[in-house]
Amino acid sequence: MYLKEYIEKLKTGNFLDEKKWLDQNAILEILSENIPDSKTEEWKNFRTNPIKGNSWKILLEKPAKDVYLKKNYSKLPDTLFFIDGHYIQEVSSLKKNNGINIFSLSDYICKNPEFKNNLFNNPSNYAENRLSGIQDKKPTYFISLNSLLSSGIVIEVEKNKNIKEKINIIHNFTNMDSQVVINPYIIIICKEGSQVSFQEISHNFDLWNNTLKEVFIRKDSKLTFASLQERISTGIKTSAFNCHIDENAELNLKILNRERSKEDIRVFLNKENSKTNISGIVLSNNKDESDVFCKVTHKGKDSKSDQKWRLISAKTSKTAINGKICVNKNAKGSDASFYSKSLLLNRKATSFSKPELEILEDDVKCRHGASFGEIDNNILFFMQSRGIKKKDAIILLIRAFINEIGLDIDDNNEFSKNMIDDFFKQIKENNNLYE
Amino acid sequence: MLEIKNLSVSVQNKTIINNLNLKIEKGKKVAIMGPNGSGKSTLSNVIAGKQGYEINEGQILFDDVNIFDLDPEERAAKGIFLAFQYPVEIPGIANASFLRTALNSVRKYNGEKDLNTREFLDECKDLSKKLKLDTSFLSRDLNTGFSGGEKKKNEIFHMLMMKPKLCILDEIDSGLDIDALKVISNGLFQYSNENNSLLIITHYQRLLDYIKPDEVHIFNEGNIVKSGDYSLVETLEEKGYQEFI
Ligand SMILES: Nc1ncnc2c1ncn2[C@@H]1O[C@H](COP(=O)(O)OP(=O)(O)OP(=O)(O)O)[C@@H](O)[C@H]1O
Ligand SMILES: [Mg+2]
């Protein structure tokens, strides 16, 4: 079905039953078809015209069994498989009774009706009071679209469970139709006193992948979440990550993003001693762009946040990071930092970094900085004069540049290594890797 | 080993090497001394293959082959080593792992198989002991936070590990304390044999006292203005460059 048709149906009030709880505003948002463009501050580094200019199709149903069962999926343990954005239990390998429970969002809401008030499908919850005071509602379109079209899956970590095994979330794509928009929607709830690590791996795709993750880290719990994106050849990714952190709770977020993607991260340090470390690598090649908006809001006393970003642009590509730190009134003793470093591999490559601070409390510590650079020719000559080939020297230097950012959750992690190697392989194909 | 014929090099239309002729025979130790800005480092860089210079005229033959078309890494693989006047810092790359990459890259070029890691590390440790370089320097990021003298020692460490045929030492002795100078001179003296050559660029007599060069050239404005044997160093020490330029 075409998205347009679906929207027409919505206008007549003829939408899916299970979405009845969905806030009316979300539907209005979709009806408005208000896709943000470069006029919206937060979207000025990402072209949305390929999204606007296409007639998208939607998949309201899971892919047929015979489509995915005949595929060979890796036999990773502790893995949740998503195919074309749908959770597929049959090929997943999560152990029973290990402290993690999976629900469909509608089931979860039946059991916990109050939970829907936590969710962000209500666009007004997303609207930003920008520094200029202008209410900027537009970025909510993608989130509303996602929550409207996706059934949503809830991953709940039981109270006081310390889960030793790393849990994999793997996104595979079988749909070959590049006209399709898929909407993976994952909700993670870490209940009080729990500890868990997830590694999310998204394979390459040719379609429009519009993902949403909403994360709740309750009191005294700790979540490590690594989100790793493979190269994106022809697809488009719009992605939102929202996280609420309670008292003494902590989020370690690790991101590997690629070209043709727009990431929107919002982390709320809601209570006393809430804490987050965010480290991200953004790699872009060809003439594509990779854009990240990352906002951390300090609401609780003594809350801490630390952001480290490394951006690499090859060829004529663009990387961008807009890191925003808001410290609300009464968030005394907050400590926030943001640092980004950009590396340009080509004269025509670009990178933007914009740290923004909005501090409404006096008793806080905030640090921020951004640096931009090219590969130093003297260093390159030094390495070559010791016998290292120019291309290898460049790769070594890039590796050193991103080494400070650890993506791995545990020691033997092939995924992040392979993904970064793949980027190197790709840029090595450039004749003039570095000009 | 090395033969430079009628070499003229300029940067931004300014001539830096001016019709230079220099021959370094196999097994010889050759010293170049010259005032600041006379073009000594430029010459080293041009021999090692650095980009960004205009070669207006001339040839550089290494083992009778013109090397102008070779990249710096190919020259290194053929056995040319340059110890930098200002060694660069590379954060994020450990010294030993850099050196292993360099050695393996050269070996690959010469059709040899990779080093045995164990043996490589043993050799590193042996050599660092000889050079009085703490083994922690192997795991530290290359030159990052090294003192000036430690950087110079590390250059010699790389050189002795890479075992080049032609060693170009651009002011290896500047910034070294007396003990370090002894250690390094010793290392160089022991390394030198009938199959390799040293090109030593320096401002000071002391290093040359240890090494005893076979030939000494005085360099000015991109050319050799006087050549002689070791006694030239003493004359220079007494009378200064004024006597020659
Ligand atoms: N890339 C460059 N651009 C402009 N001028 C240069 C460049 N490289 C070298 N020069 C100039 O060429 C001259 C020779 O420099 P070089 O470094 O070779 O001198 P040197 O003999 O090694 O001096 P020192 O004893 O001080 O090390 C200097 O005047 C220097 O400023
Ligand atoms: Mg010099």
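Whatever comes next refers back to the structure up there.
Here is a short report on the structure shown in this document.

The subject of this paragraph is the site of ligand 1. Residue and element names in this part refer to chain B. Every one of the 14 residues lining ligand 1 counts as a neighbour, but Gly37, Gly39, Lys40, Ser41 and Thr42 are closest to it. Coverage of ligand 1 by the protein chains reaches 65% of its 640 Å² of free accessible surface. Looking at the shell around ligand 1, the elements with two or more residues in it are strand 2 (14–24) and helix 1 (40–48).

We now examine the pattern of salt bridges. Any two side chains of opposite charge can pair if their charged atoms end up close together. Going through the model one piece at a time under the given rule, you end up with 28 salt bridges over all chains. In this structure, B:Asp122 and B:Arg118 form a salt bridge, with 3.4 Å as the shortest nitrogen-oxygen distance. One end of the pair, B:Asp122, and the other, B:Arg118, are both in helix 4 (residues 117–130), four residues apart, so they sit about a helical turn from each other. Residues joined by salt bridges that share partners form a network here, namely A:Asp37, A:Lys39 and A:Lys52.

Residues and elements named next belong to chain B. Take Asp63: it is sitting in the loop between strand 4 (54–62) and strand 5 (65–66). A relative accessible area of 33% means that Asp63 is categorised as partly exposed. Distance from Asp63 to Glu25, taken between C-alpha atoms, is 9.8 Å for residues 38 residues apart in sequence. Once residues lying within four places of it in the same chain are set aside, the contact partners of Asp63 are Met1 and Lys165.

What follows deals with the sheet that holds strand 1 (residues 2–11) of chain B. Within a sheet, adjacent strands bond to each other through the backbone by hydrogen bonds, running parallel or antiparallel. Residue and element names in this part refer to chain B. The strand order across the open sheet formed by four strands is 2-1-4-5, and the pairing between neighbours is antiparallel. The two strands at the open ends of the sheet, each matched to only one other strand, are strand 2 and strand 5. In the sheet, strand 4 pairs with strand 5 via two bridges, with the strands oriented antiparallel. If you follow Leu61 over to strand 5, its bridge partner there is Asn66. Contacting strand 1, strand 2 and strand 4, helix 1 runs over the sheet at an angle of about 115° to strand 1.

What counts, and where the lines are drawn
Residues numbered from 1 in each chain as written. Chains lettered and ligands numbered in written order. Predicted model: local features only at pLDDT ≥ 70, side-chain atom pairs only at ≥ 80, totals over all residues. Heavy atoms only, no water. Near = heavy atom within 4 Å. Areas by Shrake-Rupley, 256 points an atom, 1.4 Å probe, with all protein chains shown as cover. Helix = DSSP H or I, 4+ residues; strand = E, 2+ residues; numbered from the N terminus. Salt bridge = Lys/Arg side-chain N within 4 Å of Asp/Glu carboxyl O. Buried < 20%, exposed > 50% of the residue type's maximum accessible area, 1.4 Å probe, protein only. Contact = heavy atoms within 4.5 Å. Pairing = 2+ DSSP bridges. Axes fitted to C-alpha atoms, helices over the stretch in contact; angles between N-to-C directions.

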